[in-house]
Amino acid sequence: MQVVALLAEADPDLVVLAAGTRPRMAPIEEQSWESFSTPWHVDVRIAFEVGRAALARPLRPGSTVLIVSSGAGLDGSPLSGGYAGAKRTQMFLTDYLQRAADRHGLGIRFVALAPRQFLAGTAIGQTAAAAYGAESGLSAEAVMQRFPAPLDPAGVARAILAIASGTEHPERHCWV
């Protein structure tokens, strides 16, 4: 397995999992099972595989595995198929991995980070804003302006660094 080999080679203190598939943005009646379930097969699986590899190695005590999830896992996302459910499952998985790490006394911290808004300046954020805007008769820009302050990749990176350093968000689920 490549994840196990990569963790062995890098021997990291911090693993940030921010990979996943771009969901098909369409109402449920326009989704196929394949498009609906793709986030489950990609996003959940990669979190599962990386988490299990971190436990199996195991990472050094004091290490952190941070899974970037989504606020869609909290609030739903009716135009993105199974994306919201997959993101919620990543949060559950974070808890399951933490329980396993605690049970075995590994000293590894598992955290899920859930940005609660579309990310400004990203293709996935723009696509989602455009889809929800089209549904409600708004522009993508108007949808983005509904959020109190823009959240961009740099803001997510700052949250990741604050979590990794332990200065903020000591809990297992963090919202930004």
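That block above? That's the structure.
Residue indices follow the written sequence of each chain, beginning from 1 at its first position. Given that this is a predicted model, residues contribute local features only at a pLDDT of at least 70 and side-chain atom pairs are listed and counted only at 80 or more, while totals for whole chains, interfaces and linings are drawn from all residues. Where side-chain values are given, they derive from all heavy atoms of the structure, hydrogens and water being excluded.

Caption draft 1: Looking closely at the environment of L59. For L59, the position within the fold is in the loop between α2 (33-56) and β2 (64-68). For the pair formed by L59 and R146, sequence separation is 87 residues and the distance between their alpha carbons is 41 Å. Only heavy atoms enter the contact rule, under which two residues are in contact if any of them lie within 4.5 Å. Setting aside its immediate chain neighbours within four residues, L59 contacts L7, P12, V15, A54, V65 and I108. Put simply, DSSP marks the helices as runs of H or I at least four residues long and the strands as runs of E at least two long, and each gets a number from the N terminus on.

Caption draft 2: Seen up close, the nonpolar core. Counting 16 residues, the largest nonpolar core has V15, L59, V65, I67, I108 and F110 as its most contacted members. Every element with two or more residues in this core is listed here: β1 (14-17), α2, β2 and α4 (83-103). Beyond its immediate chain neighbours, meaning those up to four positions away, I108 contacts A54, P58, L59, R60, S63, V65, Q98 and A101. Side-chain atoms within 4.5 Å link the members of a nonpolar core, which is a set of buried Ala, Val, Leu, Ile, Met, Phe, Trp, Tyr and Cys residues. Buried means the residue's accessible area, taken with a 1.4 Å probe over protein chains only, is under 20% of the maximum for its type, while exposed means over 50%, and partly exposed covers the values in between. With 9 residues, the next largest nonpolar core counts L66, L151, I160 and I163 among its residues.

Caption draft 3: A look at helix α5 (residues 123-136). Any helix carries an expected span of 1.5 Å times its number of residues minus one. In a regular helix each residue adds 1.5 Å, so 14 residues correspond to 20 Å; α5 covers 20 Å between its end C-alpha atoms and thus fits that length. All buried positions along α5 are accounted for by G125, A128, A129, A131, Y132 and G133. On the buried face of α5, the contacting elements are α6 (140-144). Phi for G137, located one or two positions after α5, is positive at around 75°.

Caption draft 4: Expanded view of the packing of α2 against α4. To get an axis, fit a line to the C-alpha atoms, keeping to the stretch in contact for a helix; angles then go from 0 to 180 degrees between the N-to-C directions. At a closest axis distance of 9 Å, the pairing of α2 and α4 adopts a crossing angle of 10°. The angle between the axes of α2 and α4 places the two elements in the roughly parallel class. On α4, the residues touching P39, W40, D43, V44, A47, F48, G51, R52 and L55 of α2 are Y83, G85, A86, K87, T89, Q90, L93, L97, A100 and A101. An angle counts as roughly parallel when it lies under 35 degrees, as roughly antiparallel when it exceeds 145, as roughly perpendicular when it falls between 65 and 115, and as oblique in every other case.

Caption draft 5: Just the packing of aromatic side chains, in detail. Aromatic pairing here means that ring centres of Phe, Tyr or Trp (its six-membered ring) are within 6.5 Å. Orientation follows from the plane angle: under 30 degrees is stacked, over 60 is edge-to-face, and everything else is tilted. Tallied over the entire structure, the rule returns 3 aromatic pairs. The rings of F118, Y132 and F147 are connected pair by pair, giving a single aromatic cluster. Consider the ring centre and the ring normal. A charge sits over the ring if Lys NZ or Arg CZ is within 6 Å of that centre and within 35 degrees of that normal. One cation-aromatic arrangement involves R88 over F92; the distance from NZ or CZ to the ring centre is 4.9 Å.

Caption draft 6: Expanded view of the pairing of strand β3 (residues 109-114). Burial analysis of β3 places 5 of its 6 residues in the buried class, which makes it a mostly covered element. When DSSP finds at least two bridges between two strands, those strands are taken to pair. Alignment of β2 against β3, held across 5 bridges, turns out to be parallel. Looking across to β3, one finds that I67 is bridged to A112.

Note that all results are geometric; they support no functional claim without further evidence.
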